[in-house]
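Descriptive structure summary
One letter stands for each residue in the lines below.
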Amino acid sequence: MKNSAVLAPLSLARILFVVAEAVRFSRSGIGEILTSSATPLRSPCRLRCGIYGLVSLLVLSSAASAASRALIDTTQSPHAVMYMPDLGDVRWHGGLLGERFEVARTTMVPHMGELMSNPATSPAWRNYRIAAGLEQGKFSGPPFNDGDFLKWFEALAQVYAVTKDPAIDQQMDEIVAVVAKAQREDGYLHTQTIIPQRAGEKTKEFADREHFETYNMGHLMTAACVHYRATGKTTLLDCARKAADYIDRLCAEKPQELARNAICPSHYMGVVELYRVTREPRYLKLAQQLIEIRSLVPPNEGSDHNQDRMPFRQMTQAVGHAVRANYLYAGVADVFAEDGDKTLLKTLETISENVADRKLYITGMTGALYDGASPDGVDYTQHKYIKTVHQSYGRDYQLPNLTAYNETCATIGYGMWLWRMLAVSGDAAYADLFEQTLYNGILPGISLDGTRYFYVNALKKLHDFDVPLRWSRTREANIPVSFCCPPNVVRTIAEAHNYVYALSPDTAWVNLYAASTLDSHWLDGTPIKLRQETDYPWAGAVKIVVDEAPARDVTLKLRVPGWLRAGAATLRVNGQSASVALQPGTYADVKRTWQKGDVVQFDMEFKPTLWEANPLVEETVDQVAIKYGPLVYCVESNDLPAGVKLKDVALFLQKPANFTAQREQIANASVLTLTFDALALQRPEWNGKQLYREIDGQAPRTIAVKAVPYYAWGNRGDTDMTVWLPAR
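Residues numbered from 1 in each chain as written. Predicted model: local features only at pLDDT ≥ 70, side-chain atom pairs only at ≥ 80, totals over all residues. Heavy atoms only, no water.

In a pair of packed helices, the angle between the axes and the distance between the axes together describe the arrangement. As a packed pair, helix α3 (residues 95–117) and helix α5 (residues 145–163) sit with axes 10 Å apart at the nearest point and diverge in direction by 145°. Considering only the axes of α3 and α5, their crossing is left-handed. Packed against α3, whose contacting residues are Phe101, Arg105, Val109, Met112, Gly113 and Met116, the element α5 presents Asp148, Phe149, Trp152, Ala155, Leu156, Val159, Val162 and Thr163 at the interface. Counted by class, the contact of α3 with α5 contains 10 nonpolar, 2 polar and 2 charged residues. (Axes fitted to C-alpha atoms, helices over the stretch in contact; angles between N-to-C directions. Helix = DSSP H or I, 4+ residues; strand = E, 2+ residues; numbered from the N terminus. Left-handed = near helix turned anticlockwise from the far one by under 90°. Contact = heavy atoms within 4.5 Å. Nonpolar A, V, L, I, M, F, W, Y, C, P; charged D, E, K, R; others polar.)

Dropping the structure here:
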C-alpha cells in the first residue's frame, strides 16, 4: 500500500515494532541455515546482524511511508510518468499468463530450487555454503552462478509476495543466512574468489573481467530489494547495502578497474533500485558515475562487444553482446528516471530505434549472431580495428533464422529496458514492444511443463541442417555450463503481473490485457480496484469492471495495440459508445468520475494475419509469418501430412488460406491452433552433395497445415519448426 510521499516521523508503535524485529533477527541469526543437518548459525555475526538490522529498520521505516512495494519503484522518480502497483496488488484470474504463473508457482520455482541445491545439477548453492564455511570444497561451475542463484531467489520472493506462504518465508530466511555468512565483511560477494581466499590462497578480486563480480553483486541488490518489499525484512538488504558500499569505494579509489569489470552490468539497475529503497544519495551518485567511468576502459580492452569502446553518449546503435547491451541500456534508463539527464535519454532513444527498426526479430528477440564482427570499430574499413563479437547484435537487417542466437537472457534484458523506457515516456510503442517480447520472446524460453529450457532461440529448425552449433535447438533439462537463462525466465514469468497496470496521479494505465484484478492505491492512499475479464490473447474482447474508485475524475488509459489496423477496435462505457480516439499504437484516454460497477468494453478485431519483413532482411525475402493478435505462430513437422517435409511447405498468396482456429491442449496447456491451406512443393529429395540444381517443374499440391503459437513449439518431441514460410 502506498501512502503520502512525505516522510513520516516514527511513531512509538513503529519503533517498538522495529526493535522487536531486530531482536528477533539477532536471536535467530537471520534464520537457520538451509542444510540437511539444520545447523543454526554460530557466529558473532548474530549480534552484528541484529544491531545492523535495527539501524536499517529504523532508517528504512522513516522512508517506508514514501516507498512503494513495487518490483521497480518509480513512485518518487522525478522523470518517470508512471509507477508499478505493489508486488501483490495484481492477481491473475486464469488466462494464458495466469496459467503460466500457476506453473511458475507450483513447478518452475520449486523445480529450479531443486536444481540449484543439488550439486549434481548446479553447484551454485554449494558454492555459497562453502564460502560461508559450512562445507569443505572448492569452487565449481560458471563464475556467474552466484547471480543466477539470486535470480531464482528473486522469483521465490515474488511468489511469496502473492501467496504469503510461511514455508517460503522460512526458506528465504535460511537462504539469506548463508548468503550473509558467505559475504566478506567489506561487502564483496563472489564465491569464486572468496572460497580460495578463505582457504588461505592468494586470489585477487577482478583478476579477469569475465568473472562477472559486479554482475553477481548487482543481482544481489535487485533480489534484496524485492525480498525487502515482499517481507519487510532487511536481512538481505543489509547484504546488498554492504555490496553497494564496496562498489562505491571501488568507484572512488579504482574507477578504471571498476569500469573494465562492468560485464553484464546488472549493478546499474541494482544500485538505482537500492537508492529507491533507501533514499541514500550516494547510491544515485554511484549509478551516475558508473556510466561516466566507462570511458576509462583502456583502448586495448574496450570493445563494442562490451559496449565500452566509446563513451555511452556517443553510441548510435546497439552493438555487441546482447545481454550486456540490454542490461546496460536498462540501467541507464533507470538513471534517467532519477536525474533527467536528457543526453542519456537521447542516446537511449537512438539505440532503441535502431533495435526496433533494424535489429529485432518478429518474435521480439535480440542478439542475432553466434559470432560476427563489430559493425562500429574505430575504423571498420581497416581489418586491424575490427573485433569479434559473439551472442550479439549484428549489422542492420542481419537476422538469420536457422542460426539465430537470441539468448533468452538477452530478450529478458530487452524487456526490462522496454518497461523502463515506457515508464519515462508513456509512449505506447514501448508497451507494444514489451508485449511482443513477453509473449513471443520470453515465454518460449521454458517448456510448458516448466522443467526444460532454451538457451538460444531459433526461428527455424531443420534436422537436415547438420552444421554443428554450440547450443541445442531442443529445450534441455539442464544447461550446466551456462545456467543464466533458466532462473532468469522463471523470475520474469513469476513477476509478469507487475507489468499489466501502472498508476500516475488520478490515472490508471492498462498496459497489457489479461484476466486479472488490480487492488491498489495512489500515493495519497486513495484506493483503486479494477477487474479485467478477457480471454486475451486468444480473443480481442476485454471487459474492465470498476470495483472501487475515488469520487473525482480519474483517467483510464487503455493501450490500443500497434498491430491493430485502424478502425479495428471499438470502445463502450456502460454500453454506450465512447467518443475516444482509438489510434493503434497509442493509449485511449477515458476520463470520468467512475462509479462502482461501471463497465468498459474494449473490443479488438482478432484474426490471423500474414506479415512480411523488410526486403533488406535477406533471409526472409518472399516469405511470410503468421500472427494472431500479439502472438507469432509457427509450423512444426509433426503437424504435417505424412510424407511432407517442412522445407517443402509454402503459402499460396493468390487465394485465401482459410484459417480455422481451434482450442487444443499441448503438454496440458491450453492453446489456440490455426489450421490453413498450404502448398506442398513436389520436388526430389536433396542429397548432401548438391548445392544447386535446376528447378523441377512439378505442380505443388494443396495440403492442410496446422500452426501453433511460437512460444509452445518444441513441447511435443524433437521436431522441425519454422516461423517463416515461402510465399508462392
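What follows continues from the structure just given.
Considering all chains together, one arrives at 48 salt bridges under this definition. The closest approach of N and O atoms between Asp396 and Arg358, which form a salt bridge, is 3.0 Å. Here Arg358 lies in helix α14 (residues 342–359) and Asp396 lies in the loop between β4 (388–393) and α15 (408–425), a separation of 38 residues in the sequence. Across the salt bridge formed by Lys359 and Asp396, the nearest N and O atoms sit 3.9 Å from each other. Linking Lys359 in helix α14 with Asp396 in the loop between β4 and α15, this pair joins segments that are 37 residues apart in sequence. Of the residues examined, Asp396 reaches a relative accessible area of 28% and is grouped as partly exposed. A single network of salt bridges, built from pairs that share partners, joins Arg229, Glu273, Arg276, Asp334, Glu338 and Arg420. (Salt bridge = Lys/Arg side-chain N within 4 Å of Asp/Glu carboxyl O. Buried < 20%, exposed > 50% of the residue type's maximum accessible area, 1.4 Å probe, protein only.)

Cis geometry marks the peptide bond from Tyr536 to Pro537, where omega comes out at 10°. For Pro537, the position within the fold is in the loop between β9 (527–534) and β10 (541–548). Of note, the phi angle at Gln307 is positive, near 55°, even though the residue is not glycine. Gln307 gets classed as buried once you look at its relative accessible area, which sits at 1%. Even without a glycine there, the phi angle at Asn574 is positive, about 50°. With respect to the helices, strands and loops of the structure, Asn574 is situated in the loop between β12 (569–573) and β13 (576–577).

Looking now at helix α16 (residues 428–442). Over its 15 residues, α16 runs 20 Å from end to end, which matches the ideal 21 Å to within 8%, given 1.5 Å per residue. At the N-terminal end of α16, a side-chain oxygen is found 2.9 Å from the backbone nitrogen of Ala429, two or three residues along, and the residue is Asp427. (Expected span 1.5 Å × (residues − 1). Polar contact = N/O pair within 3.5 Å; in protein donor to acceptor, adjacent residues only side chain to side chain.)

In space, the 7 strands of this open sheet follow the order β1-β8-β9-β10-β15-β12-β13, with antiparallel pairing throughout. Where the open sheet ends on each side, the last strands, each with one partner, are β1 (90–92) and β13. Bridging between β10 and strand β15 (residues 599–604) involves 5 bridges; their strand directions are antiparallel. Counterpart to Val542 in the pairing with β15 is Phe602. (Pairing = 2+ DSSP bridges.)

The first and last C-alpha atoms of helix α13 (residues 322–339) sit 26 Å apart over 18 residues, in line with the 26 Å expected at 1.5 Å per residue. With 17 of 18 residues buried, α13 is to be regarded as a mostly interior element. Following α13 by one or two positions, Gly340 adopts a phi angle in the positive range, close to 70°.

A word on the confidence of the model for the protein chain. Mean pLDDT over the protein chain: 89, with 89% of residues reaching 70 or higher. Below pLDDT 50 for its whole length, residues 61–66 participates in 20 contacts with residues either more than four positions away or in separate chains. (pLDDT = per-residue confidence, 0-100.)

What links the strands of a sheet is backbone hydrogen bonding, and the strands pair in either a parallel or an antiparallel sense. If you trace the 4 strands from one edge of the open sheet to the other, you get β6-β7-β11-β14, paired in mixed fashion. This sheet does not close on itself; its edge strands, each paired only once, are β6 (501–504) and β14 (586–593). With strand direction ignored, the average angle separating the axes of adjacent strands in the sheet is 20°. Bridge count between strand β7 (residues 507–510) and strand β11 (residues 553–560): 4 bridges; the pairing is parallel. By the bridge assignment for β11, Ala508 is matched with Leu556. Against the sheet, α16 contacts β11 and β14, and its axis sits at roughly 50° relative to β11.

This paragraph deals with the pairing of strand β20 (residues 660–666). Strand direction decides the pairing type here: β20 and strand β21 (residues 669–680), joined by 7 bridges, are antiparallel. In the strand pairing of β21, Ile666 is matched with Ala669. Two successive antiparallel strands, β20 and β21, enclose a turn made up of 2 residues, where Ala667 displays a positive phi of approximately 50°.

The next thing to look at is the nonpolar core. Core analysis: the largest hydrophobic core is formed by 240 residues, its most contacted members being Phe312, Phe676 and Val723. Apart from the residues within four sequence positions on either side, Val723 is in contact with Ile362, Leu459, Val624, Ala625, Val632, Tyr633, Cys634 and Tyr710. (Core = buried A, V, L, I, M, F, W, Y, C linked by side-chain atoms within 4.5 Å.)

Before going further, it helps to spend a moment on the side chain of Asp245. With respect to the secondary-structure elements, Asp245 resides in helix α9 (residues 235–253). Here Asp245 falls in the buried class, since its relative accessible area comes to 19%. In this structure the side chain of Asp245 is engaged in a polar contact, spanning 2.9 Å, whose partner is the side chain of Tyr283. Those residues within four positions of Asp245 in sequence are excluded, and the remaining contacts are Arg282 and Tyr283.

Okay, a negative patch on the surface next. Residues Glu349, Glu353, Asp357 and Asp427 make up a contiguous surface patch of negative charge. With respect to the helices, strands and loops of the structure, Glu349 is situated in helix α14. Judged by relative accessible area, Glu349 falls into the partly exposed class, the value being 34%. (Patch = residues over 30% accessible without salt bridge, like charges linked within 9 Å, V, L, I, M, F, W, Y side chains within 5 Å. Areas by Shrake-Rupley, 256 points an atom, 1.4 Å probe, with all protein chains shown as cover. Lys, Arg positive; Asp, Glu negative; His and termini not counted. Charge placed at Lys NZ, Arg CZ, Asp CG, Glu CD.)

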